[in-house]
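Single-letter residue listing:
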Amino acid sequence: MAHVGHSWLKTKPGSYEKVCKRFHKFADEVMSHHSDLHDVIIIGNPAQNIIEGFGIWENASHAANLEDGTDFASFMADVAGELAEPFHRNDLELLYRMKPSV
C-alpha cells in the first residue's frame with residue numbers, strides 16, 4: 001500500500017501566486033532525486049489563499065523525512081515570510097489509485 005504525504009499552506013494576501021510557483025519548484029526538486037515519489041498533485045484555492053500538495057510515495061519513511069532535507073529547508077526559507085500560518089502536514093494511506101482516461 002502506498003503512502004500519501006499531504007501538506008498545506010495558507011498564504012498572506014497577495015502572496016498566493018509567489019508561493020504557488022515556489023511550491024511547484026520544490027516538488028520538481030524533490031521528484032528529481034526521490035525515485036519512490038511516484039506522483040505529486042498541487043491544488044489551490046486563491047479565494048482562501050490555500051495551497052495543498054499531495055505526494056504519493058512508495059516508502060512512508062522517505063515521505064516522513066522530507067522535511068529534514070535541504071530541499072524543504074530552502075523552500076521554507078523562500079516562503080516563510082509569505083505564510084499566514086505555519087506549514088501543515090499529515091500522512092494518509094492510499095486506498096485506491098485509478099488511471100486517468102486519455
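For the structure given in this document, a descriptive report is provided here. (Residues numbered from 1 in each chain as written. Predicted model: local features only at pLDDT ≥ 70, side-chain atom pairs only at ≥ 80, totals over all residues. Heavy atoms only, no water.)

## A short note on the pairing of strand 3 (residues 50-57)
What counts, and what does not: Two strands qualify as a pair provided DSSP detects at least 2 bridges between them. The secondary structure listing takes helices from DSSP runs of H or I that are at least 4 residues long and strands from runs of E that are at least 2 residues long, numbered from the N terminus.
Across 8 bridges, the pairing between strand 1 (residues 3-10) and strand 3 is antiparallel. Note that in strand 3 the partner of valine 4 across the bridge is isoleucine 56. Relative to strand 3, strand 2 (residues 37-45) runs antiparallel, the two sharing 8 bridges. Within strand 3, the residue paired with glycine 44 across the bridge is isoleucine 51.

## Focus: the packing of aromatic side chains
Aromatic ring pairs are defined here through the distance separating the ring centres and the angle between the ring planes. Operational definition: Between rings of Phe, Tyr and Trp, where Trp is taken as its six-membered ring, a pair exists when centres lie within 6.5 Å; planes separated by under 30 degrees are stacked, by over 60 edge-to-face, and by other angles tilted. Only protein chains enter the accessibility calculation, which uses a 1.4 Å probe; a residue whose area is less than 20% of its type maximum is buried, one above 50% is exposed, and one in between is partly exposed.
Summed over the entire model, instances satisfying the criterion amount to 6 aromatic pairs. Measuring from centroid to centroid gives 4.7 Å for phenylalanine 26 and phenylalanine 75, while their planes differ by 10°, and the two rings are stacked. Here phenylalanine 75 lies in helix 3 (residues 70-79) and phenylalanine 26 lies in helix 1 (residues 16-32), a separation of 49 residues in the sequence. Pair check on accessibility: phenylalanine 26 and phenylalanine 75 agree, each one buried. Centroid distance phenylalanine 72 to phenylalanine 87: 4.9 Å. Interplanar angle 70°. Geometry classified as edge-to-face. Placement of phenylalanine 72 in helix 3 and of phenylalanine 87 in the loop between helix 3 and strand 4 (88-93) is noted, with a sequence separation of 15 residues between them. Of the two residues examined, phenylalanine 72 and phenylalanine 87, each falls in the buried class.

## Remarks on the sheet that holds strand 2
Put simply, the rule is: To get an axis, a line is fitted to the C-alpha atoms, and for a helix only the part in contact is used. The angle between two axes follows their N-to-C directions and goes from 0 to 180 degrees. Should any heavy atoms of two residues lie within 4.5 Å, those residues are counted as being in contact.
Ordered by their spatial adjacency, 4 strands build an open sheet running 2-3-1-4, and the pairing between neighbours is antiparallel. This sheet does not close on itself; its edge strands, each paired only once, are strand 2 and strand 4. Pairwise comparison of adjacent strand axes, ignoring direction, gives a mean angle of 15° for this sheet. Relative to the sheet, helix 1 contacts strand 1, strand 2 and strand 3, its axis offset from that of strand 2 by approximately 175°.

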